[in-house]
Amino acid sequence: MKYEKIDYKLRKSLDTERYIHTKGVEKTARKMAEFFHEDVKKAGLAGLLHDCAKCLSLDKMNKAVRNYPVDELMRNSKALLHSAAGRCLAENVYGVTDPDVLEAIRWHTTGHAEMTRLEKIIYLADIIEPNRKPFPGMERLRELCMTDLDAAMHEALLLSLSHVSKQGKTLHPDTLAALEEYESKEQILKLIKEGENENED
Ligand SMILES: [Fe+2]
Ligand SMILES: [Fe+2]
């Protein structure tokens, strides 16, 4: 499918806020790919399509992944499932065949162990794109995203851990596996405890 058609289709399937976010992720992903000598076209396409399933109902997301493996945790959460559903729509509706692009869409919510550089770029671009509401640590993360991809991933995963444990929730096992590449299990447990304590305060 041609770029213009994808763009047109997305504008119709997403609400305005999500469409603006999508364009921000596309632009940021292209910029990061250029900086880190990755494929700019692939990064742009994955950025553009990463949230293509975001505005669907949970039921429709589940229909989109009927032939694709997802765990129970994902199946019941729109926040998690839209990435796998988006991967399936990118392939089956938007005609994307490139596995690198499809996988980058698939993993943009949880991350996973041994991520590719393109997957890291989309994961991070999603968090730092210019239209995102500011959060503590955003400026530092933005800086890292333009200097050191792994330091940025480490920081982003720590922010995610702290956010989740403050809410008294647990990280998805794939996100935990991603973080374990940067932190020892002991340190992760310590950080979870700290987050939980802050939650109780
Ligand atoms: Fe998303
Ligand atoms: Fe997003």
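The structure we're discussing is the one just above.
Enquirer: In this structure, what is going on with the overall build of the protein chain? I would like to understand it.
Expert: Looking only at helices and strands, one finds twelve helices and zero strands in the protein chain. Against the compact-globule benchmark of 17 Å for 201 residues, the protein chain has a radius of gyration of 16 Å, which places it among compact chains. A principal-axis box enclosing the C-alpha atoms of the protein chain has dimensions of 50 × 40 × 30 Å. The proportion of buried residues among the 201 residues of the protein chain is 39%.

Enquirer: Would you explain unusual backbone geometry in this entry?
Expert: Glycine aside, a negative phi is what most residues show, and trans is what most peptide bonds show. Despite not being glycine, histidine 37 has its phi angle at roughly 55 degrees, a positive value. Its place among the elements puts histidine 37 in the loop between helix H2 (16-35) and helix H3 (40-49). According to the C-beta neighbour criterion, histidine 37 is exposed, with 8 such atoms within 10 Å. For glutamate 114, which is not glycine, the phi dihedral falls at a positive 55 degrees. Looking at where glutamate 114 falls in the secondary structure, it is placed in the loop between helix H7 (99-106) and helix H8 (117-128).

Enquirer: It is not clear to me how the environment of proline 69 should be interpreted in this structure. Could you clarify?
Expert: As for its position among the elements, proline 69 is in the loop between helix H4 (58-64) and helix H5 (72-75). For the pair proline 69 and cysteine 145, spaced 76 residues apart in the sequence, the C-alpha separation amounts to 31 Å.

Enquirer: Help me understand H7, please; the structure alone is not making it clear to me.
Expert: Residues three or four positions apart in an α-helix share a direction because the helix packs 3.6 residues into each turn. Buried within H7 we find Val101, Ala104, Ile105 and Arg106. Contact partners of the buried residues in H7: H3, helix H6 (78-92) and H8.

Enquirer: Sorry, what's going on with the packing of H2 against H8 here?
Expert: A pair of packed helices is characterised by two quantities: the angle between their axes and the separation of those axes. Where H2 contacts H8, the axes come no closer than 8 Å and their chain directions differ by 130 degrees. In terms of axis orientation, H2 runs oblique to H8. Along this stretch, H2 crosses H8, giving a crossing that reads as right-handed. Residues Val25, Thr28, Ala29, Met32 and Ala33 of H2 pack against Ile121, Ile122, Leu124, Ala125, Asp126 and Ile128 of H8. Among the residues forming the contact of H2 with H8, the class breakdown is nine nonpolar, one polar and one charged.

Enquirer: Is there a simple way to think about the nonpolar core in this case?
Expert: Buried together is how nonpolar side chains tend to be arranged in soluble globular proteins. Ranked by internal contacts, the top residues of the largest apolar core, which has 48 residues, are Ala29, Ala46, Ala85, Ile121 and Leu124. The dominant element in this core, judged by the number of residues it contributes, is H8, at eight residues. With sequence-adjacent residues up to four places away left out, leucine 124 is seen in contact with Met32, Cys145, Ala152, Met153 and Ala156.

Enquirer: Got a minute to help me understand H3 in this structure?
Expert: Here H3 lies mainly inside the structure; eight of its ten residues are buried. When H3 is considered as a whole, its buried residues turn out to be Lys42, Ala43, Gly44, Leu45, Ala46, Gly47, Leu48 and Leu49. At its buried positions, H3 is contacted by helix H1 (3-13), H2, H6, H7 and H8.

Enquirer: Quick question: what am I supposed to make of the packing of H8 against helix H9 (residues 138-145) here?
Expert: Contact pair H8 / H9: the axes reach a minimum separation of 10 Å and the direction vectors enclose 145 degrees. The element H8 and its partner H9 pack so that their crossing is left-handed. For the pair H8 and H9, contact is made by Leu124, Ile127 and Ile128 and by Met138, Leu141, Arg142 and Cys145, respectively. Along the lines of polarity and charge, the residues of the contact of H8 with H9 split into six nonpolar, no polar and one charged.

Enquirer: I tried to follow the environment of proline 134 on my own but got confused; where do I start?
Expert: Tracing the backbone through its elements, the reader meets proline 134 in the loop between H8 and H9. A sequence separation of 57 residues divides proline 134 from leucine 191, and the C-alpha atoms of the two residues are 23 Å apart.

Definitions and limits used
- Residues numbered from 1 in each chain as written.
- Chains lettered and ligands numbered in written order.
- Predicted model: local features only at pLDDT ≥ 70, side-chain atom pairs only at ≥ 80, totals over all residues.
- Helix = DSSP H or I, 4+ residues; strand = E, 2+ residues; numbered from the N terminus.
- Rg over C-alpha atoms; globule rule 2.2 N^0.38 Å.
- Buried ≥ 20, exposed ≤ 12 C-beta atoms within 10 Å, placed from the backbone.
- Contact = placed C-beta atoms within 7 Å.
- Axes fitted to C-alpha atoms, helices over the stretch in contact; angles between N-to-C directions.
- Parallel < 35°, antiparallel > 145°, perpendicular 65-115°, else oblique.
- Left-handed = near helix turned anticlockwise from the far one by under 90°.
- Nonpolar A, V, L, I, M, F, W, Y, C, P; charged D, E, K, R; others polar.
- Core = buried A, V, L, I, M, F, W, Y, C linked by C-beta atoms within 7 Å.

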